Amino acid sequence: MSKHYGIAIACVGLSIFVVCDFTGCDRLTISRHAQLVQDADGKSAQGDFARAINLYEAALDDSPRCAEIHYKLALLYDDKMNDPLNALHHFKRYLALSPNGSHANDVKNSIKRDEVAVLTILSGDSVVPRAEAARLRNENLNLHKELEARSATFRSASDKSRARDIKPGKTASAKSGGRTYIVQSGDTLASISRKFYKSSARWEKILNANKESIHNPENLKVGQSLIIP
């Protein structure tokens, strides 16, 4: 009787040890993940973007918790590394893991813009399949038509407003009521939009406010002064 009792106690002890051991491993994994993300956030804040990317990527797995990491990686590749191809990958991984997440709308807009950028960079390269290149080219044309239509509408409304508000002998200031921003290296209209509006979707608003000074929206000049409406 005492022999069986001793075996039972030993089995219970072993079970407790195994459970505790696995629980400890799980805590260790979670702790390591959180530490990597924290370190990556720190490096990004310091401007060490390459190191931040390495740390974020080391923290990745296939769980939904990594959607936010994919979003941070996409922004780094997009805004800081000028690498729309890698940005596209991480934007799409974000949507796959969190299709209704808080950044979903911003990500969808960014994907459209980066697809056009990738087409521009790799249009003569076999990396982009012919069918995909054709689809992106058509989408690019549609975006340009939409942008031209919006610009024409904006110019018409602006001209009417200026004619109504400006009295003879006086001129209007283009910068009245707006903020100004000096373009930095690596800036895009989308990244500037995110900086001021927390979303890349309002890049067209910035473009329309600076249509006389921005000749190529894809190639901003460092040191250029922009009006932020």
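Scroll up a little and you will see the structure.
What comes next concerns the included structure.

**What about the packing of aromatic side chains?**
No. 1: This model, assessed by the stated rule, comprises three aromatic pairs.
No. 2: Clustering of aromatic rings is evident, with ring pairs tying together Tyr71, Phe91 and Tyr94.
No. 3: Directly above the aromatic system of Tyr197 lies the positively charged group of Arg202, at a separation of 4.0 Å from the ring centroid.

**Topic: the packing of helix α3 (residues 67–80) against helix α4 (residues 84–97)**
No. 1: Taken N-terminus to C-terminus, the directions of α3 and α4 make an angle of 160°; their axes are 8 Å apart at the nearest point. Classed by the angle they form, the pair α3 and α4 counts as roughly antiparallel. Helix-helix and strand crossings are classified by hand; for α3 and α4 the assignment is left-handed. Contacts between α3 and α4 pair Ala67, Glu68, His70, Tyr71, Leu73, Ala74, Leu75, Tyr77 and Asp78 from the former with Asn86, Ala87, His90, Phe91, Arg93, Tyr94 and Leu97 from the latter.
No. 2: Looking at the contact of α3 with α4, its residues break down into ten nonpolar, three polar and three charged.

**Quick look at helix α2 (residues 49–58)**
No. 1: Of all the residues in α2, the buried ones are Ala52, Ile53, Leu55 and Tyr56. Angularly, the buried residues of α2 cover 165° about the axis, an arc narrow enough to put them on a single face.

**A few points about the nonpolar core**
No. 1: Ranked by size, the top nonpolar core spans 25 residues in total, and within it Tyr56, Ile69, Tyr71, Leu73, Phe91 and Val107 carry the most contacts.
No. 2: Of all the elements in the fold, those that place two or more residues in this core are α1 (2–46), α2, α3, α4 and α5 (104–122).
No. 3: The element contributing the most residues to this core is α3, with eight residues.
No. 4: Leu73 has contacts with Ile53, Tyr56, Glu57, Leu60 and His90, leaving out every residue within four places of it along the chain.
No. 5: If you look at the next biggest cluster of nonpolar residues, it comprises eleven residues, including Ile206, Ile214, Leu220 and Leu226.

What counts, and where the lines are drawn
Residues numbered from 1 in each chain as written. Predicted model: local features only at pLDDT ≥ 70, side-chain atom pairs only at ≥ 80, totals over all residues. Heavy atoms only, no water. Phe/Tyr/Trp six-rings, centres within 6.5 Å; stacked < 30°, edge-to-face > 60°. Lys NZ or Arg CZ within 6 Å of the ring centre and 35° of its normal. Axes fitted to C-alpha atoms, helices over the stretch in contact; angles between N-to-C directions. Helix = DSSP H or I, 4+ residues; strand = E, 2+ residues; numbered from the N terminus. Parallel < 35°, antiparallel > 145°, perpendicular 65-115°, else oblique. Left-handed = near helix turned anticlockwise from the far one by under 90°. Contact = heavy atoms within 4.5 Å. Nonpolar A, V, L, I, M, F, W, Y, C, P; charged D, E, K, R; others polar. Buried < 20%, exposed > 50% of the residue type's maximum accessible area, 1.4 Å probe, protein only. Arc of directions from axis to C-beta. Core = buried A, V, L, I, M, F, W, Y, C linked by side-chain atoms within 4.5 Å.

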